[in-house]
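These are the residues of each chain, in order.
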Amino acid sequence: MKNSHLALFVAALLLIAAGCAKKEPEAEKAPAAEEVAAPKIDEATAATITGKVHFEGTAPEMKKVEMPTEAVCHTKTQQEPVHTETVIVNDDKTLRNVFVYVKEGLQQKLPAPKEVVVFDQRSCWYHPHVVGIQVGQPFKILNSDVGVLHNIHAVSEKRNGFNFGMPGKEGIAVTREFRAPEVMVRIKCDVHSWMGAYVGVLDHPYHSVTGPDGTFQLKTLPPGQYVIEAWHERYGTATQNVTVGPKETKEISFTFKG
Amino acid sequence: MERLNGFALLTAAATVGLIVAGAAVTSTGSGDAVPDWPLSYGGFFPPMVGGVLYEHTHRLVAGVTGLLIALLAFWLWRRESRPWVRWLGLGAVLVVLAQALLGGLRVLVVSDETLQEVALNAAGVSHVTPVRIAFSVAHASLAQIVLCLTFALATVTSPRWLSGTGSSRGISNRLKSGATVLIVLLFGQLLLGALMRHLGAGLVIPDFPLSFGRLVPPLADLPNDPNAPFAIADEELRLKVLVHFAHRVGALAVAVAVLFVAWPIFRNHRDERRLVKLAAGMLGLTAAQVVLGASVIWSQKAVAITVAHVAFGAVLLGSGVVLWLWTRRLSAEEARPSFAFALRQTGVSR
């Protein structure tokens, strides 16, 4: 829908004024987790795609984050400085926080796992910075900053958006679900403008986020041909076509240039 | 009536303050810092930190301004003899109420799932962004109408207006038409500015005074990276560039229109000090606006500069309304001895 978003804006102006009612396009509706077929992963033939995301060039210096408007967090950052996580290049020149996922090629939809993805607001910072999740999978949002008010705002171009306040009460947690595949949903706190994170929402579980070693792993894939995409918040996307046979493990790599 | 006029001037100043507060919300990206409405985090005084400070201050300024407008309308209703002025006051109340409602809807359409569902179905769109933009632009545009109404009320309740004295030479039709065209251009320009701001197209043309190094942006060949982290379609980029460029062309049209209106005033109405002051003020504001607009680009949308750009634009529109009113008022005076008749005909009476 990104392609038609601005054209739809004009339509929205006219239609709101006229009070017209139209059905939303069916294509935008996310399938409910309960509706999809039961998993049919054949462990005997399952393949794996693994690899690394490399970085070439000079890594930009990440700025120290100041939190002057929030006393509690400001004090913490004076003791333990926090730097932006936009570009983190590991010591071995691999890139962290790259979301790698199967973009095309899956023949079947899989039900959402019950496993909870935890997303914490701690020291006025999001943990983790980049995370993957499946449509319908529980997304548990915590506010570990006792005494600090956050709002948690998911900015979406599908129907994944939400915005609500989370006062810093002991043990507070809210669980949400995303409704439609979308790479990426941006999470931000409008109270604290420096807080930002990204959630990759898919209709399957084949995704991974690179960590301190820059590696990723997409396991239990049915044999087949896939388009694998790597997404980074500064350097954008890169894709590769990969074919895996039964029980095969294929290693690939991506390189982003700074 | 002088006290009434003083109060009207205060109200007009408050609407400028309201637009400044609103621009600060947009420029700092704080529009969703308070997800509920009309209360703020369930109360009147949430913790005033970060984005909440901007958003809740905007709400407080809006509340005070709304109250001032309501009091002004009440005062006019009780003391004003001219029916059209009384109705103008009442109109301002209705517009500011609609303005508040639109502001609330702008917030709730993002945070309230039920309202969002209704709005999306009504608009026939699949996600909230276009609806949010529609509400934001309508909210911003209505703010300019509120400002115009309060500027008009401050003008028509002024002692000078009421005394009806003027020694002006004939107000030409060219000047009167020019003043009308100027208001239309100014309003259109502010609407384009609001659309550009809420589309996130403020920096889509990264250079100034050229556009992508040319006089006219290369619409058929815009630099669009399909592998950008949040890639957009070519047509979306093209629309954003068009809106941005239209705002630049609009600035040029407004500047020409201001000169077109100011020139006959300086040439033929030097004795009419109020017109000369207005024309000079508008020329100064226009020059400042061009510099501020350029600085928005060069500073990558520095908050203070962006807010000043919005505020100066609003004052320029308000000044245009005042000028328009005075050209009508003075031309009505010229119609003497059938002055009273002319006033009745135009509706612009004492």
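Just so we're clear, the structure is a prediction, and the values are computed from it rather than from any experiment. (Residues numbered from 1 in each chain as written. Chains lettered and ligands numbered in written order. Predicted model: local features only at pLDDT ≥ 70, side-chain atom pairs only at ≥ 80, totals over all residues. Heavy atoms only, no water.)

1. Let's talk about the overall build of chain A
This is how the line gets drawn: Numbered from the N terminus, helices here are DSSP runs of H or I no shorter than four residues, and strands are runs of E no shorter than two. Summary of the burial criterion: residues with accessible area below 20% of their type's maximum are buried, those above 50% are exposed, and those between are partly exposed, where the area comes from a 1.4 Å probe applied to protein chains only. Here, two residues are considered to be in contact whenever any of their heavy atoms come within 4.5 Å of each other.
Scanning chain A for helices and strands turns up two helices and 16 strands. The burial tally for chain A puts 47% of its 258 residues in the buried class. For chain A, the proportion of contacts with a sequence separation of at least 24, taken over those separated by at least 6, is 66%.

2. Some details on the overall build of chain B
For clarity, the threshold we go by: For a compact globule the rule gives 2.2 Å times the number of residues to the power 0.38, and the radius of gyration it is set against comes from C-alpha atoms. Charge assignment: positive for Lys and Arg, negative for Asp and Glu; neither His nor the chain ends contribute. Every charge is mapped to an atom, namely NZ of Lys, CZ of Arg, CG of Asp or CD of Glu.
Within chain B, the regular secondary structure consists of eleven helices and zero strands. Along chain B, helices (α) and strands (β) appear in the sequence α-α-α-α-α-α-α-α-α-α-α when read from the amino end. Taking 350 residues into account, the globule formula puts the C-alpha radius of gyration at 20 Å, and chain B, at 22 Å, falls close to it. Of all intrachain contacts in chain B linking residues separated by at least 6 positions in sequence, the fraction that spans at least 24 positions is 74%. Treating the 28 positive side-chain charges of chain B as one cloud and the 18 negative ones as another, the clouds have centres 17 Å apart.

3. A closer look at the pairing of strand β10 (residues 182-188) of chain A
All names here are of chain A. Let me state the cut-off plainly: At least two bridges found by DSSP between two strands are what make those strands a pair.
In terms of burial, β10 is a largely internal element, five of the seven residues being buried. Two elements, strand β7 (residues 150-155) and β10, share three bridges in a ladder whose sense is antiparallel. Within the sheet, the bridge partner assigned to Ala154 lies in β10 and is Ile187. Pairing of β10 with strand β11 (residues 196-202), which is carried by five bridges, proceeds in the antiparallel orientation. Note that in β11 the partner of Glu182 across the bridge is Val201.

4. Considerations on the state of the cysteines
All names here are of chain A. Definition in use: Any two cysteine sulfur atoms lying within 2.5 Å of each other are counted as a disulfide.
Tallied over the full model, the rule gives one disulfide over all chains. With a sulfur-sulfur separation of 1.9 Å, Cys73 is cross-linked through a disulfide to Cys124. Linking Cys73 and Cys124, the disulfide has an S-S dihedral of approximately 65 degrees and is accordingly described as right-handed. One end of the pair, Cys73, is in helix α2 (residues 71-79); the other, Cys124, is in the loop between β3 (117-121) and β4 (126-127), with 51 residues separating them in the sequence. Here Cys189 stays free of any disulfide, with the sulfur of Cys124 as its closest cysteine sulfur at 7.5 Å.

5. Describing the packing of aromatic side chains
The geometry of an aromatic ring pair is captured by the separation of the ring centres together with the interplanar angle, meaning the angle of the planes. Applicable threshold: The rule is short: rings of Phe, Tyr and Trp, with Trp giving its six-membered ring, pair when the centres are within 6.5 Å, and they are stacked under 30 degrees, edge-to-face over 60, tilted in between. For a Lys NZ or an Arg CZ to count as sitting over a ring, it must be within 6 Å of the ring centre and within 35 degrees of the ring normal.
Counting across every chain of the model gives 16 aromatic pairs over all chains. Aromatic pair Phe55 of chain A and Tyr235 of chain A: ring centres 5.6 Å apart, planes at 50 degrees, arrangement tilted. Of this pair, Phe55 of chain A sits in strand β1 (residues 47-56) while Tyr235 of chain A sits in the loop between β14 (224-232) and β15 (236-244); the two residues are 180 residues apart in sequence, bridging distant segments of the chain. Looking at Tyr235 of chain A, the relative accessible area reads 19%, which means it is buried. Aromatic side chains Phe99 of chain A and Tyr101 of chain A sit 5.3 Å apart centroid to centroid with 25 degrees between the ring planes, which places their arrangement in the stacked category. Both residues of the pair, Phe99 of chain A and Tyr101 of chain A, belong to the buried class. Ring-pair connections join several aromatic residues into one group, and the members of that group are Phe119, Tyr126, Phe139, Phe162, Phe164 and Phe178 of chain A. The cationic tip of Arg174 of chain B hangs over the ring face of Phe260 of chain B; the distance from NZ or CZ to the ring centre is 4.3 Å. The cationic tip of Arg329 of chain B hangs over the ring face of Trp161 of chain B; the distance from NZ or CZ to the ring centre is 5.3 Å.

6. Details of the confidence of the model for chain B
In low-pLDDT segments, the atomic positions of the prediction should not be examined closely. Residues and elements named next belong to chain B. Inclusion rule: Residue-level confidence of the predictor, termed pLDDT, takes values from 0 up to 100.
Residues with a pLDDT of 70 or more make up 93% of chain B, whose mean pLDDT is 93. Every residue in residues 337-350 scores below 50 in pLDDT, and together they form 23 contacts with partners more than four places removed in sequence or on other chains. Under the prediction, the complex receives an ipTM of 0.86, its pTM being 0.87.

7. Here we look at the pattern of salt bridges
What counts is decided by this rule: Salt bridge, as used here, is a side-chain nitrogen of Lys or Arg placed within 4 Å of a carboxyl oxygen of Asp or Glu.
In this structure the tally under the stated criterion is 16 salt bridges over all chains. Between Arg122 of chain A and Asp120 of chain A there is a salt bridge whose closest N-O contact spans 3.1 Å. According to the relative accessible area criterion, Arg122 of chain A is partly exposed, its value standing at 37%. Looking at Asp120 of chain A, the relative accessible area reads 7%, which means it is buried. We note a salt bridge from Glu113 of chain B to Arg179 of chain A, for which the minimum N-O separation is 4.0 Å. Here Glu113 of chain B is found in helix α4 (residues 113-123), whereas its partner Arg179 of chain A is found in the loop between β9 (173-176) and β10 on a different chain. By relative accessible area, Glu113 of chain B is classed as partly exposed at 36%. Judged by its relative accessible area of 33%, Arg179 of chain A falls in the partly exposed class. Beyond isolated ion pairs, a larger network of salt bridges with shared partners links Arg159, Arg176 and Arg179 of chain A together with Glu113 and Glu117 of chain B.

8. Examining helix α5 (residues 128-156) of chain B
Definition in use: One less than the number of residues in a helix, times 1.5 Å, gives the span that helix is expected to have.
For α5 of chain B, which comprises 29 residues, the first-to-last C-alpha distance of 42 Å matches the rise-based estimate of 42 Å (1.5 Å per residue) to within 8%. Counted residue by residue, α5 of chain B has 26 buried out of 29 residues, so it is predominantly covered.

9. Remarks on the sheet that holds β9 of chain A
Residue and element names in this part refer to chain A. Within the open sheet, the four strands sit side by side as β4-β3-β6-β9. Their pairing is mixed. With one partner strand each, in any of the chains shown, β4 and β9 form the two edges of the open sheet. Bridge analysis of strand β6 (residues 139-143) against β9 gives four bridges, and the strand direction is antiparallel. In the sheet register, Phe139 faces β9, and the bridge partner there is Arg176.

10. A word on the packing of helix α7 (residues 173-199) of chain B against helix α8 (residues 234-268) of chain B
Residue and element names in this part refer to chain B. Note the cut-off: In this analysis, axes come from line fits to C-alpha atoms, helices being fitted only over the stretch in contact, and the angle between any two N-to-C directions falls in the range 0 to 180 degrees. Any angle between 65 and 115 degrees counts as roughly perpendicular, while under 35 counts as roughly parallel, over 145 as roughly antiparallel, and the rest as oblique. Helix crossings get a hand from a simple test, with the near helix turned counterclockwise from the far one by less than a right angle marking a left-handed crossing and a clockwise turn marking a right-handed one. In this count, Pro and Cys sit with the nonpolar residues alongside Ala, Val, Leu, Ile, Met, Phe, Trp and Tyr, while Asp, Glu, Lys and Arg are called charged and the others, Gly among them, polar.
Relative orientation of the contacting elements α7 and α8 amounts to 155 degrees, with a least axis distance of 8 Å. In terms of orientation, α7 and α8 fall into the roughly antiparallel class. Between α7 and α8 lies a crossing of left-handed hand. For the contact of α7 with α8, a count of residues per class yields 20 nonpolar, six polar and two charged.

11. Things to note about empty space enclosed by the protein
Residue and element names in this part refer to chain B. We apply this condition: With a 1 Å grid laid over protein atoms only, a set of points is called a cavity when a 1.4 Å probe fits there but cannot get out and a pocket when it is open yet has protein on both sides within 12 Å along at least five of seven lines; lining residues have an atom within 4 Å of a point. Grid points are joined across faces, edges and corners, and a volume is the space filled by probe spheres set on the points.
Overall, the coordinates contain two cavities of 30 Å³ or more when judged by the stated rule. The calculated volume of the second largest cavity comes to roughly 30 Å³. In terms of lining residues, the second largest cavity is bounded by Thr15, Leu18, Ile19, Gln99, Ala143 and Val146. For the lining of the second largest cavity, the elements supplying multiple residues, two or more each, are α1 (2-27) and α5.

12. Quick word on the side chain of Gln137 of chain A
Residue and element names in this part refer to chain A. Among the secondary structure elements, Gln137 is positioned in the loop between β5 (130-134) and β6. Judged by relative accessible area, Gln137 falls into the buried class, the value being 5%. When near neighbours in sequence (up to four residues on either side) are disregarded, Gln137 contacts Ala112, Pro113, Glu115, Val117, Arg176 and Glu177.

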